[in-house]
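This is what each chain is made of:
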Amino acid sequence: MAPITFYDIALAPPAEKTSCSPNPWKTRYALNFKKTPYKTTWVPLGEISSVRAALNIPASRTFADGSPYQTLPVISDPATGRIVGDSFENAVYLQEQYPSSGAGDLFPAQELGYEFERDLDLHAPIAEAKVADGPLKAYLKFNTNVDAAFTAYTQLVLEGFPFDPDTAEEDKAMMSGRIGVPWEALRISEEKRAELFKAFEETLGGLARFYTRDPSGPFLMGSRASYADFIVGGWLRMYKGMLSAEEFKTLKGWHNGVFGKLHEALEVFAQMD
Ligand SMILES: N[C@@H](CCC(=O)N[C@@H](CS)C(=O)NCC(=O)O)C(=O)O
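Residues numbered from 1 in each chain as written. Predicted model: local features only at pLDDT ≥ 70, side-chain atom pairs only at ≥ 80, totals over all residues. Heavy atoms only, no water.

Trainee: I keep staring at the environment of Pro37 and nothing clicks. Help me out?
Mentor: Note that Pro37 resides in the loop between helix H2 (22-34) and strand E2 (38-44). With 208 residues separating them in the primary sequence, Pro37 and Ala245 have C-alpha atoms 32 Å apart. Those residues within four positions of Pro37 in sequence are excluded, and the remaining contacts are Met1, Pro3 and Ile4. (Helix = DSSP H or I, 4+ residues; strand = E, 2+ residues; numbered from the N terminus. Contact = heavy atoms within 4.5 Å.)

Trainee: Before we go on, may I ask you to explain the environment of Ile9 in this structure?
Mentor: Turning to its location among the elements, Ile9 is positioned in strand E1 (residues 4-10). Since its relative accessible area comes to 10%, Ile9 is described here as buried. Sequence separation between Ile9 and Ser21 is 12 residues; the distance between their C-alpha atoms is 6.9 Å. Not counting residues up to four positions away in its chain, the partners in contact with Ile9 are Ser21, Pro24, Trp42, Val43, Leu45, Ile48 and Leu72. (Buried < 20%, exposed > 50% of the residue type's maximum accessible area, 1.4 Å probe, protein only.)

Trainee: Mind showing me how you'd approach the UniProt feature "domain: GST N-terminal" (unreviewed entry) in the protein chain here?
Mentor: Per the UniProt record, "domain: GST N-terminal" (unreviewed entry) is annotated on residues 21-97. Between the C-alpha atoms that bound residues 21-97 there is a distance of 25 Å. The span itself is 42% helix and 23% strand. (UniProt positions renumbered as here; feature names shortened; annotations may be inferred.)

Trainee: What should I look at first to understand the packing of aromatic side chains in this one?
Mentor: How two aromatic rings sit relative to each other is given by the distance of their centres and the angle of their planes. The tally for this structure, following the rule as stated, stands at 24 aromatic pairs. Each ring, one from Phe33 and one from Phe269, has its centre 5.6 Å from the other, and the planes form 50 degrees; the classification is tilted. Taken as a pair, Phe33 in helix H2 and Phe269 in the segment after helix H9 (245-265) lie far apart in primary sequence, 236 residues in all. In this structure, Phe33 and Phe269 share a single accessibility class: buried. Between the aromatic rings of Phe150 and Trp235, the centroid separation amounts to 6.0 Å while the plane-to-plane angle is 5 degrees, which identifies the pairing as stacked. Here Phe150, found in helix H5 (residues 135-151), pairs with Trp235, found in helix H8 (residues 227-242); they are 85 residues apart in sequence, far enough to count as distant. Accessibility assignment for this pair places Phe150 and Trp235 in one class, buried. Here the aromatic cluster, defined as three or more aromatic residues joined through ring pairs, consists of Trp25, Tyr29, Phe33, Phe88, Phe107, Tyr139, Tyr227, Phe230 and Phe269. Lying over the aromatic face of Phe210, Arg213 brings its terminal NZ or CZ to 5.2 Å of the ring centre. (Phe/Tyr/Trp six-rings, centres within 6.5 Å; stacked < 30°, edge-to-face > 60°. Lys NZ or Arg CZ within 6 Å of the ring centre and 35° of its normal.)

Trainee: Mind showing me how you'd approach the pairing of E1 here?
Mentor: The side chains of a regular strand alternate between both faces of the sheet. Counting buried positions along E1 gives six out of seven residues, so the element sits mostly inside the fold. Here seven bridges tie E1 to E2, and the two strands are oriented parallel to one another. Paired with Ile4 across the two strands is Tyr38, which belongs to E2. Strand direction decides the pairing type here: E1 and strand E5 (residues 74-77), joined by three bridges, are antiparallel. What sits directly across from Tyr7, in E5, is Val74. (Pairing = 2+ DSSP bridges.)

Trainee: What am I meant to see in the pattern of salt bridges here?
Mentor: In a structure, side chains of opposite charge can pair up when their charged atoms sit close to one another. For the coordinates displayed, the defined rule picks out 11 salt bridges. Where Arg187 meets Glu184, a salt bridge forms, and the shortest distance between an N and an O atom there is 2.9 Å. The partner of Lys198 in a salt bridge is Glu201, and the shortest N-O contact between them spans 3.3 Å. Residue Lys198 and its partner Glu201 are both found in helix H7 (residues 190-211); the two are separated by three residues, about one turn of the helix. Judged by relative accessible area, which is 46%, Lys198 ranks as partly exposed. (Salt bridge = Lys/Arg side-chain N within 4 Å of Asp/Glu carboxyl O.)

Trainee: Got a minute to help me understand the nonpolar core in this structure?
Mentor: General note: in soluble globular proteins, nonpolar side chains tend to be found buried as a group. Counting 83 residues, the largest nonpolar core has Phe142, Phe150, Tyr227, Val232 and Tyr239 as the members making the most contacts within it. A per-element tally of this core places H8 first, with 10 residues. Contacts of Val232, omitting those with residues within four sequence positions, involve Phe142, Val146, Phe150, Leu207, Tyr211, Phe259 and Leu262. (Core = buried A, V, L, I, M, F, W, Y, C linked by side-chain atoms within 4.5 Å.)

Trainee: Hey, could you run me through the packing of H5 against H8 in this one?
Mentor: Between two packed helices, both the angle of their axes relative to each other and the distance between the axes serve to describe the pair. Two elements in contact, H5 and H8, have axes separated by 9 Å at closest approach and are oriented at 15 degrees. With respect to each other, H5 and H8 are oriented roughly parallel. Crossing angle aside, the handedness with which H5 passes H8 is right-handed. Contact residues: Tyr139, Phe142, Asn143, Val146, Asp147, Phe150 and Thr151 in H5; Tyr227, Ala228, Ile231, Val232, Trp235, Leu236 and Tyr239 in H8. Its residues placed into classes, the contact of H5 with H8 shows 11 nonpolar, two polar and one charged. (Axes fitted to C-alpha atoms, helices over the stretch in contact; angles between N-to-C directions. Parallel < 35°, antiparallel > 145°, perpendicular 65-115°, else oblique. Left-handed = near helix turned anticlockwise from the far one by under 90°. Nonpolar A, V, L, I, M, F, W, Y, C, P; charged D, E, K, R; others polar.)

Written as structure tokens, this is what we have:
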């Protein structure tokens, strides 16, 4: 059977080593969990729009002004001809199309009432997938809340963003142009960084408490991984790739090491094709 094509974002070469985009990681974890054969197509940041436009699927995100925001991941499955371009919808597709493959159900019913304690900044939400009521709805809400908690601290990752050196200047201009602030002006002082890092630890306390409901861990459902763990794990991958090694080590140790244990346990679903 021809493999699924999985479109992931290529950062500094070698892309397999520096891959740390959270939403593509959610899909990679899901693909590996399902053991569905796939092949990665690495797409440079500056080519996402053209690659996605050629696939003829709607954007899965919108900028604050309402214009389409072209993103990855996308999966294209030759077995069905389906092309799906949103991390959440990719996981739903894999579950519906390959219900018993690999490790089984990506969306087992579970309580997922974690809520990010601040108002969700929903003017340009990352997750816009639509699903019917039922277990999937709880997973989608969890995705929205986890996305909000982790995106609140993305100022911490700008310094260590692993741009491809060949395109770094254009990539920075593209990213900072979207918010109308020059890249250099996005730099934060050491003091501000330390403050933010501390606040990040506190913010993750709510999610960490949620993780300790099954103290045996490392997953929300104890030894059974589910898509909820891949949502959190995708964001941990981003911080691993963009914080300093020292900072990520510290993060792994926060709140009795729940995130470190989770990150390490997810290694079995992290293989590259
Ligand atoms: N709703 C989408 C959001 C995907 C998304 O935001 N992807 C980011 C990477 S994590 C992206 O492609 N960014 C490209 C850019 O900012 O130019 C999903 O869940 O797949």
